[in-house]
Amino acid sequence: MTDQRVPVLIAGGGTVGLAAAVFLSGCGVQTLVVETQRGPSPHPRATGISRRTMEMLRAEGLEAAVDAVSIDMVAGLGKVYARTLAETDFTAPNPAAAAAARLDETSPALVRGTCPQHRLDSVLLPAARERGAVVRHSTRLESFTQDDSGVRAVLSDGSVVHADYLIAADGARSEVRGGLDIAISGPGPLGTPMISMLFRADLTPYTGGRTFATCTIDNPEVAGLLVTVDGANEWILHVPSDDSGEGFTAAHCTALIRAAVGDSSIEVEVVSVLPWRPRGQLAEQFRAGRVFLVGDAAHTVPPLGAFGLNTGVADAHNLAWKIAAVHHGWAGTGLLASYEDERRPVAATTLEQAVLRLPDPRLHWETSPEIVAARQEAGVLNAPVVHAGYRYESSAVIGSNPELPSTEDISLVLDGTPGSRLPHRWVDHHERRMSTLDLVGRELTVLTGDDGWAQAARDAAHALSIPLSVHRIALVDTDWTGSVGIHADGAVLVRPDHVIAWRMIDRPADPRAAMIDALGEVLSLERAENRFAGRIRGR
């Protein structure tokens, strides 16, 4: 039996586990990922990728690679309804096009359409390894113990891993969560059991080159949901099932697929068949000592809305910079408590929002004034607000305000309030046109148009011995100060996850002291220079 030492052990090599490895390795933290499957799953369980997720991947230099494996939906139809695919009207306009255009103004990230999970994994896996992460398939986490010094894990190959932290990304039936006796709440199983059939067939004669995310099929022979995988030859058909899927032979699946397409002679190759059931559950804790839950291990969200996978990636993004900051010694261990404080309320809201959509999916997909009014009456947030409009309240945010100014317009929600995502604005910086989000690196970042603040921030970082990026943005041709709610002599402190940690509307008498105070509080530092008798708060 061999022993290995690694800062972070990740149990689960699905999309969220791989994303965690990418984010941590990018921050210079060595990771080991163990996954029970022999390799990445070819059967995607999710296909939707949000702009917020793409912003995180953009920061890792992966936007172009993910875009290259995504399915173009710019001229697509989103969600359609039909008796069969052959009878679908693909000449109809896309009702979501205008909403997508408005979203372009709030994010620099490019999302042309869907990105099935296995395609996303094809980017994340090599990216994690290129950054130094070790990913071992066919390897199971058998058991683990933890104490004040770290985590001791025994793997299925007999090796023992000693880690500072363990991240559980091992799915809805997480054995790590079970080993910690962490209870779960929520509605549990929702609706009827389902069968997911991944198949290959050339459906371009029926689509005419147009794309769609999903097509609800309803005819006497089959009722289900046809989902785009590659938009041409690879698809998924979901149908209800009252058993474990044993009766879904290749012949039976082929008959159902042909009935959904509306062509009894089409050639079909059934690739794989998976039973599943919509589920809503939330772990009572997202952390136990040195162990953290992310993704489905922490929360399971019904698929309507494409919230589950994206929420899991955001978990990993939130956690990675905090572990890295503690690992590299520029934050106190108290920073790690903010992970659960921030992500669990977001997951609870996301679960609630997904469940509220189930009785009427139009509340998610459609944008008419009638649907907007219905959303407001039902307490349903517009999808972009769910994906990117959440606001954190924790020790790592100063001056947060959880109240949303709008449930519909993401541009109004991203207003510079501490705890929210930094608003995107194109600015001229060092003779380059860049997004404000692109100015945020792997350490804390100060954005200001004021020379006094810029120098004060550098002095404060030196006094506390922490890495800090300072960007002075010219005020001549940008409205960015208004976007974050500060004056020309104000400043904002931004975390590596693009979240505003603190802002000062204008420059106080002693900006250095104010900055030291803010940095110490956000990073849970216990240093003498941070203990002022009068604490200067942001506004």
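How each quantity is defined
Residues numbered from 1 in each chain as written. Predicted model: local features only at pLDDT ≥ 70, side-chain atom pairs only at ≥ 80, totals over all residues. Heavy atoms only, no water. Helix = DSSP H or I, 4+ residues; strand = E, 2+ residues; numbered from the N terminus. Polar contact = N/O pair within 3.5 Å; in protein donor to acceptor, adjacent residues only side chain to side chain. Contact = heavy atoms within 4.5 Å. Buried < 20%, exposed > 50% of the residue type's maximum accessible area, 1.4 Å probe, protein only. Pairing = 2+ DSSP bridges. Axes fitted to C-alpha atoms, helices over the stretch in contact; angles between N-to-C directions. Salt bridge = Lys/Arg side-chain N within 4 Å of Asp/Glu carboxyl O.

Engineer: Go over the side chain of arginine 375 with me, naming the residues and quoting the values.
Structural biologist: Mapped onto the fold, arginine 375 is located in helix α12 (residues 369-378). Here leucine 363 takes part through its backbone oxygen, which lies 2.8 Å from a polar atom of the side chain of arginine 375. If we ignore the near neighbours within four places in the chain, the residues touching arginine 375 are Leu363, His364, Glu366, Val380, Leu381, Asn382 and Glu408.

Engineer: Tell me about the pairing of strand β14 (residues 234-240), residues and numbers included.
Structural biologist: Burial of β14 is extensive: six of the seven residues sit out of reach of the surface. Hairpin geometry of strand β13 (residues 222-228) and β14 is characterised by an intervening segment of five residues between the two adjacent antiparallel strands and by a positive phi of about 80 degrees at glycine 231.

Engineer: Quick rundown of the environment of valine 239? Include the residues and the values.
Structural biologist: Here valine 239 is to be found in strand β14. On the basis of relative accessibility, which here comes to 3%, the residue valine 239 falls in the buried class. Apart from residues lying up to four places away in sequence, valine 239 is in contact with Pro193, Met194, Ile195, Met197, Val222, Ala223, Gly224, Phe248 and Leu256.

Engineer: Explain the sheet that holds strand β4 (residues 79-82) to me, and be specific about the residues and the numbers.
Structural biologist: Spatially, β4-β12-β13-β14-β11-β15 is the arrangement adopted by the six strands of the open sheet, whose pairing is mixed. Edge positions in the open sheet fall to β4 and β15 (269-276), since each of these has one partner strand only. Each adjacent strand pair in this sheet contributes to an overall mean axis angle of 20 degrees, direction not counted. Pairing of β4 with strand β12 (residues 214-219), which is carried by four bridges, proceeds in the parallel orientation. Residue pairing for β12: valine 80 is matched across the bridge by cysteine 215.

Engineer: Could you give an account of the sheet that holds strand β19 (residues 299-300), naming the residues involved and the relevant values?
Structural biologist: Strand order in the open sheet formed by three strands is β10-β16-β19, with antiparallel pairing between adjacent strands. Each of the sheet's edge strands pairs with one partner strand only, and the pair in question is β10 (184-189) and β19. Across four bridges, β10 lies against strand β16 (residues 279-283) in antiparallel orientation. Its bridge partner lying in β16, serine 185 is registered against leucine 282. Of the strands in this sheet, β10, β16 and β19 touch helix α10 (residues 337-357), which is tilted by about 165 degrees from β16.

Engineer: Account for unusual backbone geometry, naming residues and giving values.
Structural biologist: Glycine aside, residues mostly have negative phi angles, and peptide bonds mostly take the trans form. Non-glycine residue serine 138 carries a positive phi angle of around 55 degrees. Inspection of the secondary structure assignment puts serine 138 in the loop between β6 (134-136) and β7 (141-147). The partly exposed category is assigned to serine 138, whose relative accessible area is 46%. Notably, alanine 306 is not glycine yet its phi reads approximately 55 degrees, a positive angle. Within the secondary structure, alanine 306 is located in the loop between β19 and α9 (307-327). Residue alanine 306 is classed as partly exposed on the basis of its relative accessible area, which comes to 29%.

Engineer: With reference to specific residues and values, describe the environment of glycine 14.
Structural biologist: As for its position among the elements, glycine 14 is in the loop between β1 (3-11) and α1 (15-26). When its relative accessible area of 29% is taken as the criterion, glycine 14 is described as partly exposed. Along the chain, glycine 14 and alanine 169 lie 155 residues apart, while their C-alpha atoms are 7.5 Å from each other. Residues contacting glycine 14, with those up to four places away along its chain left out, are Glu35 and Asp121.

Engineer: So what about the pattern of salt bridges? Which residues, and what values?
Structural biologist: Applying the stated criterion to the full structure yields 26 salt bridges. The residue glutamate 55 makes a salt bridge to arginine 52 at a minimum N-O spacing of 2.8 Å. Note that glutamate 55 and arginine 52 are positioned in helix α2 (residues 51-59) at a spacing of three residues, about one turn of the helix. Exposure class is identical for glutamate 55 and arginine 52. Each is buried.

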